[in-house]
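Now for the letters of each chain:
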Amino acid sequence: MQTRVCRIIVLPGDGIGPEVMAEALRVLQVVERRFGVRFEFHEDLIGGACIDRYGVALRPETLERCRRAHAVLLGAVGGPRWDDPRAPVRPEQGLLTLRKGLGLFANLRPVQTYPWLQEASPLRPDVTRDVDFIVVRELTGGLYFGRPQRQWQNRRGRQAVDTLRYSEAEIRRVLRVAFELARQRRRRLTSVDKANVLASSRLWRAIAEEVARAYPDVELRHMLVDTCAMQLVRRPADFDVLVTENMFGDILTDEAAALTGSLGLLPSASLGRRRRDGTGLGLYEPVHGSAPDIAGRGVANPIGMILSAALMLRYSLGLPQAAEAVERAVAAVLAAGYRTPDIASTGTTVVDTTTMGERIAAALEESDGETADKVPRPSGPSGSR
Ligand code: IPM
Ligand code: MG
């Protein structure tokens, strides 16, 4: 059998980005050996690192290279060095340009609690038990991209405006992704909005009702974003799939991440249009940021990045068994008591970033089960577009 070659653009970025990226690549090298694929990694610059070198947060040729790749892995962008509000370019622009430029409108953020990490969560174990949901965040519209967006000054002082704008088509396509996902899971979808105040939310809700007609097997409920923020800490285990606009999704996913015990554990996948088999170009990054306070100290948790690589295997490369094997390896290492400092508790073994990556790679190497994804099967959130 001919070995498949997958072209992957690697953008380590700033802060702890390069440290956690190194561990994800280590794990992917084991995937190559065990699952009969070959990865071609092309490293490039984004964020502050790119500003320092080229004066822009993302070069057009990098974006072009990403367009032609199978997937993009990204560490993190940003840091105090580039935080001056008067600076003409900011690291985050690189990330936003990438998301928009690649048409990655659906951001999937799965949230799961592990029984071994109960103590790391700020919430009681009876609240976090059995938490297993996924947030679908709209990623290329809303306040992040709406125009006008600017500051100016007039007789009444300084003014600023941001614009929350959505088209029917933008709302419909992300809702479809969420419904398709719900269909593969427990068939319960919560659409989060602020329909009691915002016109854009009232459109969102109307479209959700319309799209729901094609998914009679999925139970749809609407929830106001403030209520949702509360329910996420009161009854998080009740959620299955949530779908919401860009800014609400940004805020709720940090809150959701905290449930699990550490922001360092959460992966994300940003997806655009899918092929028939459910795969397509995607951007995979941990939910955590560049964490400049701990950068370079070897204490960062690489699990969010490693699990992001697992999502890449599932959603862009059509290797669901490899994805599951990586996810099982992470769980096995946590079950064995290894912890980075952010999730350490009494009686556990505290390890650094590299050791955590090595343990997970070793667990994957030793895992049994399938050695190859022989028959690629549909695994994306939607195989129908
Ligand atoms: C995230 C981050 C980004 C966002 C920042 C870095 C621009 O917070 O991915 O959640 O707001 O989308
Ligand atoms: Mg965020």
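Residues numbered from 1 in each chain as written. Chains lettered and ligands numbered in written order. Predicted model: local features only at pLDDT ≥ 70, side-chain atom pairs only at ≥ 80, totals over all residues. Heavy atoms only, no water.

1. Describing the overall build of the protein
Counting its regular elements, the protein contains 12 helices and 14 strands. For 385 residues, the compact-globule estimate of 2.2 N^0.38 gives 21 Å, and the protein sits close to it at 20 Å. Projected onto the principal axes, the alpha-carbon positions of the protein cover approximately 65 × 50 × 50 Å. A total of 385 residues make up the protein; the buried ones form 53% of that total. Residue pairs at least 24 apart in sequence account for 77% of intrachain contacts in the protein once pairs closer than 6 positions are excluded. Total accessible area on the protein stands at roughly 17000 Å², and carbon and sulfur atoms take up 49% of it. In the protein, which carries 53 positive and 47 negative side-chain charges, the distance between the mean positions of the two groups comes to 6 Å. (Helix = DSSP H or I, 4+ residues; strand = E, 2+ residues; numbered from the N terminus. Rg over C-alpha atoms; globule rule 2.2 N^0.38 Å. Buried < 20%, exposed > 50% of the residue type's maximum accessible area, 1.4 Å probe, protein only. Contact = heavy atoms within 4.5 Å. Areas by Shrake-Rupley, 256 points an atom, 1.4 Å probe, with all protein chains shown as cover. Lys, Arg positive; Asp, Glu negative; His and termini not counted. Charge placed at Lys NZ, Arg CZ, Asp CG, Glu CD.)

2. Focus on the layout of surface pockets
In this model, the largest pocket occupies a volume close to 980 Å³. As for the largest pocket, its lining consists of 35 residues, and the residues nearest its centre are Arg90, Glu92, Gln93, Leu96 and Tyr144. At the level of elements, β3 (71–76), α4 (91–101), β6 (146–154), β7 (157–163), α9 (246–260) and β12 (282–286) are the ones that each hand at least two residues to the lining of the largest pocket. Considered class by class, the residues forming the lining of the largest pocket number 15 nonpolar, 8 polar and 12 charged. Three or more residues apiece are contributed to the lining of the largest pocket by two domains, here domain 1 (1–108 + 261–385) and domain 2 (122–260). (1 Å grid on protein atoms, 1.4 Å probe; cavity = no way out; pocket = protein on both sides within 12 Å on 5 of 7 lines; lining within 4 Å. Points joined across faces, edges and corners; volume = space filled by probe spheres on them. Nonpolar A, V, L, I, M, F, W, Y, C, P; charged D, E, K, R; others polar. Domains from an automatic or database assignment.)

3. Looking at the site of ligand 1
The immediate surroundings of ligand 1 are formed by Glu92, Arg99, Arg109, Arg137, Tyr144 and Asp250. At 2.7 Å from an oxygen atom of ligand 1 is found a side-chain nitrogen or oxygen belonging to Arg99. Here an oxygen atom of ligand 1 and a side-chain polar atom of Asp250 are 2.9 Å apart. The fraction of the free accessible surface of ligand 1 (320 Å²) that becomes covered by protein chains is 76%. Here ligand 1 occupies the largest pocket. (Near = heavy atom within 4 Å. Polar contact = N/O pair within 3.5 Å; in protein donor to acceptor, adjacent residues only side chain to side chain. Sits in = over half its atoms within 2 Å of the grid points.)

4. Some thoughts on the nonpolar core
Core analysis: the biggest nonpolar cluster contains 95 residues, and Val31, Leu73, Leu108, Phe133, Val136 and Leu313 have the highest contact counts within it. By residue number, the principal contributor to this core is helix α10 (residues 303–315), which donates 10 residues. When residues of this core are assigned to domains, at least three fall in each of domain 1 (1–108 + 261–385) and domain 2 (122–260). Among the nonpolar cores identified, the runner-up in size contains 16 residues, and Ile9, Leu11, Leu63 and Leu74 belong to it. (Core = buried A, V, L, I, M, F, W, Y, C linked by side-chain atoms within 4.5 Å.)

5. Quick word on helix α12 (residues 353–366)
One turn of an α-helix holds 3.6 residues; hence residues three or four places apart share an orientation. For α12, spanning 14 residues, the distance from its first C-alpha to its last is 20 Å, which sits close to the expected 20 Å at 1.5 Å a residue. Residues of α12 that are buried: Thr353, Met356, Gly357, Ile360, Ala361, Ala363 and Leu364. Along the axis of α12, the buried residues cluster in a sector spanning 160°; they form a single face. Contacts made by the buried residues of α12 are with α1 (17–35), α10, α11 (320–335) and β13 (338–339). (Expected span 1.5 Å × (residues − 1). Arc of directions from axis to C-beta.)

6. Structural notes on the pattern of salt bridges
As enumerated under the stated definition, the model contains 25 salt bridges in all. Across the pair Arg99 and Glu285 runs a salt bridge, and its minimum N-O distance is 3.2 Å. Remark: Glu285 occurs in strand β12 and Arg99 occurs in helix α4; sequence separation between them is 186 residues. Residue Arg99 is classed as buried on the basis of its relative accessible area, which comes to 5%. For Glu285, a relative accessible area of 5% puts it in the buried group. Within the structure, one salt-bridge network assembled from shared partners comprises Asp44, Arg59, Glu61 and Arg65. (Salt bridge = Lys/Arg side-chain N within 4 Å of Asp/Glu carboxyl O.)

7. Section: the sheet that holds strand β4 (residues 106–112)
Hydrogen bonds between backbone atoms are what pair the strands of a sheet, whose relative direction is either parallel or antiparallel. Pairing is mixed in the open sheet, where 10 strands are placed in the order β2-β1-β3-β12-β11-β4-β5-β10-β8-β9. Two strands lie at the open edges of the sheet, namely β2 (37–43) and β9 (219–224), each paired on one side alone. Across the sheet, the mean angle separating the axes of adjacent strands is 25° when strand polarity is ignored. For strand β8 (residues 188–193) and β9, the ladder comprises 6 bridges, and the chain directions are parallel. Considered in β9, the bridge of Thr190 is made with Arg221. Sheet strands in contact with α1 are β1 (4–13), β2 and β3, and its direction is about 155° off that of β2. Most of the contacts of helix α8 (residues 225–234) go to β9, to which it runs at about 100°, and overall it touches β5 (132–138), β8, β9 and β10 (241–244). (Pairing = 2+ DSSP bridges. Axes fitted to C-alpha atoms, helices over the stretch in contact; angles between N-to-C directions.)

8. Here's the deal with the packing of aromatic side chains
One pass over the structure, following the stated rule, counts 5 aromatic pairs. Arranged with centres 5.9 Å apart and planes meeting at 65°, the rings of Phe133 and Phe239 form a pair that is edge-to-face. Of this pair, Phe133 sits in strand β5 while Phe239 sits in the loop between α8 and β10, and the two are 106 residues apart along the sequence. In this pair, the class of Phe133 matches that of Phe239, namely buried. (Phe/Tyr/Trp six-rings, centres within 6.5 Å; stacked < 30°, edge-to-face > 60°.)

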